[in-house]
Amino acid sequence: ALYPRTTSGKPSFTEYAAVAAKLEEVKRNYGSTTVGANALVDLGNVYFQSGDYDKAISCYMDFLARTDLKNALHDLVLESLGETYEAK
């Protein structure tokens with residue numbers, strides 16, 4: 001529900017910061033669960049959108065380390081990782 005949604009313009013830093021804080025909390029409290037791993041994808045996306053490419057890369061790499069090729073998000077995360085390196 002906190003994820004920034006706009007019809008015009010870019011969400012503010014404050015909006016991304018609020019989402020990142022909640023996702024960091026999920027990562028910290030549920031890091032060893034599927035929910036915690038999946039939160040890394042959203043967190044990486046938030047960091048990417050806010051221009052913090054190093055943190056985005058870290059989240060995507062952490063997700064890949066915690067999951068295997070069978071995970072439905074694996075290929076999507078690889079693509080996001082490539083886009084992040086390209087943007088960086």
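Quick note: structure is the one above.
Worth saying up front: this structure is predicted, and the values here are computed from it rather than measured.

What follows covers the pattern of salt bridges. By the definition in use, this model includes 5 salt bridges. The partner of lysine 27 in a salt bridge is glutamate 24, with the nearest N and O atoms 3.4 Å apart. Of the two residues, lysine 27 and glutamate 24 both sit in helix H1 (residues 13-30), 3 residues apart, roughly one turn of that helix. Residue classification places lysine 27 among the partly exposed positions, given a relative accessible area of 25%. Put simply, lysine 88 and aspartate 54 hold a salt bridge, and the shortest N to O gap is 2.6 Å. Taken together, the residues lysine 88 in the segment after helix H4 (74-87) and aspartate 54 in helix H3 (residues 53-66) connect sequence positions 34 residues apart.

Glancing now at the nonpolar core. Leu23, Leu43, Val46, Tyr47, Phe63 and Val77 are the most contacted members of the largest nonpolar core, which has 19 residues in total. Of all the elements in the fold, those that place two or more residues in this core are H1, helix H2 (34-49), H3 and H4. Sorting elements by how many residues they give to this core places H2 first, with 7 residues. In contact with phenylalanine 63, other than residues within four places in its own chain, are Ala37, Asn38, Leu40, Val41, Asn71, Leu73, His74 and Val77.

The next thing to look at is H3. The end-to-end C-alpha separation of H3 is 20 Å, in line with the 20 Å expected for 14 residues at 1.5 Å each. Where H3 is buried, its residues contact H2 and H4.

Interhelical geometry of H2 versus H3 gives an angle of 160 degrees and a closest axis separation of 8 Å. Judged by the angle between their axes, H2 and H3 are roughly antiparallel. For H2 against H3, the interelement crossing comes out left-handed. Seen from H2, the contacting residues are Ala37, Asn38, Leu40, Val41, Leu43, Gly44, Asn45, Tyr47 and Phe48; seen from H3, they are Tyr53, Lys55, Ala56, Cys59, Tyr60, Asp62, Phe63 and Arg66. Grouping the amino acids of the contact of H2 with H3 by side-chain chemistry returns 11 nonpolar, 3 polar and 3 charged.

Over its 16 residues, H2 runs 23 Å from end to end, which matches the ideal 22 Å to within 8%, given 1.5 Å per residue. Those residues of H2 that fall on the buried side of the exposure criterion are Gly36, Ala37, Ala39, Leu40, Val41, Leu43, Gly44, Val46 and Tyr47. The first or second residue beyond H2 is glycine 51, which carries a positive phi of 85 degrees.

How each quantity is defined
- Residues numbered from 1 in each chain as written.
- Predicted model: local features only at pLDDT ≥ 70, side-chain atom pairs only at ≥ 80, totals over all residues.
- Heavy atoms only, no water.
- Salt bridge = Lys/Arg side-chain N within 4 Å of Asp/Glu carboxyl O.
- Helix = DSSP H or I, 4+ residues; strand = E, 2+ residues; numbered from the N terminus.
- Buried < 20%, exposed > 50% of the residue type's maximum accessible area, 1.4 Å probe, protein only.
- Core = buried A, V, L, I, M, F, W, Y, C linked by side-chain atoms within 4.5 Å.
- Contact = heavy atoms within 4.5 Å.
- Expected span 1.5 Å × (residues − 1).
- Axes fitted to C-alpha atoms, helices over the stretch in contact; angles between N-to-C directions.
- Parallel < 35°, antiparallel > 145°, perpendicular 65-115°, else oblique.
- Left-handed = near helix turned anticlockwise from the far one by under 90°.
- Nonpolar A, V, L, I, M, F, W, Y, C, P; charged D, E, K, R; others polar.

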